Amino acid sequence: MAIFKNEGALTPDYVPDKLPFRDDQLKLLQTYFDSFIRMPGSIYVKAVMVGRSGSGKTVTSKKFGSYVRVASKGRVEFVHVSCALHRTSFSVLKTIGLALGLPVPRRGFSSEELLELILDDVTTKDKYAIIALDDVFYLLNYSGPDAIDALVRLGEEYSGKGYRFSLLLISQSESFMDQLNRGVKSSLGGAVIEFPPYTKDQIFEILLNRAREALKDSAYTEEILEMISDVAGVDPEDQAKSAMRGDARYALDILWRASKLAELNASPRIMPSHVREAVMQTLHGVREDELIGLSLHEKLLLLAIVNRLMRSSDTPYISIGDAEDEYEMICEQYGQEPRKHTQLWDYVKDMASRGILETRLSGKGMRGRTTFISIPTEPLETMKQAVESMVKRDLG
Ligand code: ADP
Ligand code: MG
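Just so you know, these numbers come straight off a predicted model, no measurement behind them.

> An account of the nonpolar core is requested, with residue identities and associated values reported.
Counting residues in each nonpolar core, the largest one holds 40 residues, and the members touching the most others are I96, I131, L133 and F165. Discounting chain neighbours no more than four positions away, the residues touching F165 are F36, Y44, I96, L100, I118, L119, V122, A129, I131, L154 and G155. Of all hydrophobic cores here, the second largest spans 32 residues; its members include L291, L301, C331 and A386.

Structure below.
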């Protein structure tokens, strides 16, 4: 009856043994960082990884991390920092310090001072590390280019036996580089590794590998996996229609949900209806951990927008005024003091820049200039449930 053999192999953080279709990217990483790994301190390497959500950037960087430790015989450490969770240079530096086993002061230090402290400590303890700043646009949007500057400086510092750090920046597109201070941008130079979105065939292969690890043989057929690949993979014939696709995370999420539904319904295997239902329940462009990273009031505003959109089922847009009215009611419901209009404005812009919302100015036949908001890509019911439970968690 059981569907799962090892459910863990379908969780987002799982790092599989093999990463099909990412050999080239892994090779490039190894080549760029080769000198730092072989002769730590001799050089300061900076490289950038770019690709859409679900194109395998995070998992490839972690694979590279294991390689670094082995190839350097433990001399070089690899520190992976999620900037979705750590959005200030202080928080990033603290994470680096903790990962390197350095004593990190809890409070009362500026990030400048923390930086000095870390540099002193790595020199005394003779440590080297490659720092991966994952989803670095969060840090940039939240703290500005100076935060990146500070971290780039961490690597530039030449102390004792040379350069202590090298840097790997990971983002969804190259456009974040335009926001960096000029010197930093040019110093990143040409070391950009691209992660193209996966085609349907590639998604199928990834799903098949993962299903073999995670599910009982009798629990799925290749047709079921093909069905999911069709939803999640890029169609090489029709790139435009695939603007949101090529996302392995989305595909794996659907597979996991469909497996859960089969289990829940006491079905001996995953049926097409389970896949259809799973597709309805799965957030697409938006990731759950991105939502978790929003501030409480951003979540309340998002919840308000979702609620209002669900009620106005005949139009895809609501005005920012409607969103505000709804937000005030929700604040009352949760016993929260509402934020001011200008603040809400910033929230809308922030969520739009991360692709959670779409905005546009009032269209034909409408008077005045009002901003309209929509959520075109996500099932609203799913979004509502996800945000609601996060708000409850935030409020303890
Ligand atoms: P990104 O960081 O680019 O958004 P991730 O690296 O988090 O994407 O990948 C999303 C999910 O897909 C993860 O569960 C990851 O393990 C899986 N995945 C991505 N690429 C591959 C691959 N080539 N082979 C196997 N699994 C993959
Ligand atoms: Mg990632």
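> Please provide a residue-by-residue account of helix α10 (residues 248–264), values included.
Across its 17 residues, α10 extends 24 Å between first and last C-alpha, which sits within 8% of the 24 Å expected from 1.5 Å per residue. Within α10 the residues assigned to the buried category are A248, Y250, A251, L252, I254, L255, R257, A258, S259, L261 and A262. Capping the start of α10 is the job of one residue whose side-chain oxygen sits 2.9 Å from the backbone nitrogen of R249: D247. Downstream of α10 by one or two residues, A266 has phi in the positive range, about 55°.

> I'd love a proper account of the side chain of S166, names of residues and values included.
Summarising the element assignment, S166 is placed in strand β4 (residues 165–171). Discounting residues that sit within four places of it in the chain, S166 has contacts with F33, F36, I43, Y44, V45, A129, I130 and I131.

> Hey, could you go over the domain arrangement of the chain for me, with residue numbers and the actual values?
Domain annotation for the chain reports domain 1 (23–195), domain 2 (198–281) and domain 3 (288–394). Each of domain 1 and domain 3 was reduced to a C-alpha centroid, and the two centroids are 34 Å apart. Domain 1 puts 5 residues into the contact, and the matching count from domain 3 is 5 residues. Taken over both partners, the interface formed by domain 1 and domain 3 buries close to 480 Å², and the fraction arising from carbon and sulfur atoms is 39%. For the interface between domain 1 and domain 3, the tally reads 0 salt bridges. The interface formed by domain 1 and domain 3 contains 1 residue pair in polar contact (both at pLDDT 80 or more).

> Which residues make up a negative patch on the surface, and what values do they have?
Together, E113, E116, D120, E156 and E157 line one region of the surface with negative charge. No other element matches the 3 residues that helix α4 (residues 111–124) contributes to the negative patch. Following the sequence through the fold, E156 ends up in helix α6 (residues 145–156). Since its relative accessible area comes to 42%, E156 is described here as partly exposed.

> Tell me about the sheet that holds strand β5 (residues 192–195), residues and numbers included.
Spatially, the 5 strands line up as an open sheet ordered β2-β3-β4-β1-β5, and their pairing is parallel. In this open sheet, the two edge strands, each paired with only one partner strand, are β2 (76–82) and β5. Here the strands of the sheet are splayed against their neighbours by 15° on average, with no regard to which way each runs. Taken together, the 7 bridges between β2 and strand β3 (residues 128–134) define a ladder with parallel strand orientation. Across the sheet, E77 pairs through a bridge with A129, a residue of β3. Docked against the sheet, helix α2 (residues 57–71) engages β1 (46–51), β2, β3, β4 and β5, running at close to 160° with respect to β2.

> Let's hear about the site of ligand 1: which residues, and what values?
Inspection of the region around ligand 1 gives 20 residues, with P20, G54, T58, Y198 and R210 positioned closest. Here K57 contributes a side-chain N or O atom positioned 2.8 Å from an oxygen atom of ligand 1. Interatomic distance of 2.6 Å between a side-chain N/O atom of R210 and an oxygen atom of ligand 1. About the coverage of ligand 1: the protein hides 96% of its 550 Å² of free accessible area. Going through the elements one at a time, α2, α8 (200–214) and α10 are the ones with two or more residues in the shell around ligand 1. When grouped by side-chain class, the residues that make up the shell around ligand 1 number 10 nonpolar, 5 polar and 5 charged. Summarising the domain contributions, the shell around ligand 1 has at least three residues from each of domain 1 (23–195) and domain 2 (198–281).

> Break down the sheet that holds strand β7 (residues 358–361) for me, with residues and values.
What the 3 strands build is an open sheet, ordered β6-β8-β7; its pairing is antiparallel. With one partner strand each, in any of the chains shown, β6 (318–319) and β7 form the two edges of the open sheet. Pairing between β6 and strand β8 (residues 371–374): 2 bridges, direction antiparallel. Of the residues in β8, the one forming a bridge with S319 is F372.

> Tell me what's going on with the packing of aromatic side chains, and back it up with residues and numbers.
Pairs of aromatic rings are described using the distance from one ring centre to the other and the angle between the two planes. Applying the stated rule across the entire model yields 7 aromatic pairs. Considering the side-chain rings of F33 and F64, the 5.4 Å spacing of their centres and the 45° angle between planes classify their relative orientation as tilted. Of this pair, F33 sits in helix α1 (residues 23–38) while F64 sits in helix α2, placing them 31 residues apart in sequence. Members of the aromatic cluster, connected to one another through ring pairs, are F33, F64, Y67 and F78. Positioned above the aromatic ring of Y128 is the side chain of R164, whose terminal nitrogen or guanidinium carbon lies 4.4 Å from the ring centre. Geometry around W345 places K349 over its ring, the cationic atom sitting 5.8 Å from the centre.

Scoring rules and cut-offs
Along each chain, the written sequence defines residue order, and numbers are assigned to residues from 1. For naming, the first written chain is A and the first written ligand is 1, with later ones following in the order written. With the structure being a predicted model, the display of local features is reserved for residues of pLDDT at least 70 and the display and counting of side-chain atom pairs for 80 or more, all residues being used for whole-chain, interface and lining totals. Heavy atoms throughout the structure, all of them, feed into the side-chain values; hydrogens and water do not. Here, the term nonpolar core denotes a set of buried Ala, Val, Leu, Ile, Met, Phe, Trp, Tyr and Cys residues that are joined through side-chain atoms within 4.5 Å. Burial classification: accessible surface area is computed with a 1.4 Å probe over protein chains only, and a residue below 20% of its type maximum counts as buried, one above 50% as exposed, and the rest as partly exposed. Any two residues having at least one pair of non-hydrogen atoms within 4.5 Å are treated as being in contact. Every helix listed is a DSSP run of H or I at least four residues long, and every strand listed is a run of E at least two residues long, numbered separately from the N terminus. Here a helix's expected span is defined as the number of its residues, less one, multiplied by 1.5 Å. Think of a polar contact as two N or O atoms within 3.5 Å of one another; within protein, one of them needs to be a possible hydrogen donor and the other a possible acceptor, and neighboring residues in sequence only count if both atoms come from side chains. Delimitation of the domains relies on an automatic or database domain assignment. Once two parts are brought into contact, the accessible area they lose, counted with a 1.4 Å probe and summed over both, makes up the buried area. The salt bridge definition used is simple: a Lys or Arg side-chain nitrogen within 4 Å of an Asp or Glu carboxyl oxygen. Patch membership is restricted to residues that have no salt bridge and whose relative accessible area is over 30%. Joining uses 9 Å for like charges and 5 Å for the nonpolar side chains Val, Leu, Ile, Met, Phe, Trp and Tyr. A 1.4 Å probe and the Shrake-Rupley method give the accessible areas. Residues count as covered only by the protein chains that appear here. For the purpose of counting charges, residues Lys and Arg are taken to be positive, whereas Asp and Glu are taken to be negative. His and the chain ends are not included. In this description, the location of a charge corresponds to atom NZ of lysine, CZ of arginine, CG of aspartate or CD of glutamate. At least two DSSP bridges between two strands are required for those strands to pair. All axes here are fitted lines through C-alpha atoms, helices being fitted over the stretch that makes contact, and every angle between N-to-C directions spans 0 to 180 degrees. For this purpose, a residue is taken to be near a molecule or strand whenever a single non-hydrogen atom of the residue falls within 4 Å of it. Nonpolar residues are Ala, Val, Leu, Ile, Met, Phe, Trp, Tyr, Cys and Pro. Charged residues are Asp, Glu, Lys and Arg, and all others, Gly as well, are polar. Aromatic rings from Phe, Tyr and Trp, taking only the six-membered ring of Trp, are treated as a pair when their centres fall within 6.5 Å; an angle between ring planes under 30 degrees marks them as stacked, one over 60 as edge-to-face, and anything in between as tilted. Lysine and arginine charges are scored as sitting over a ring when NZ or CZ, respectively, is within 6 Å of the ring centre and within 35 degrees of the ring normal.

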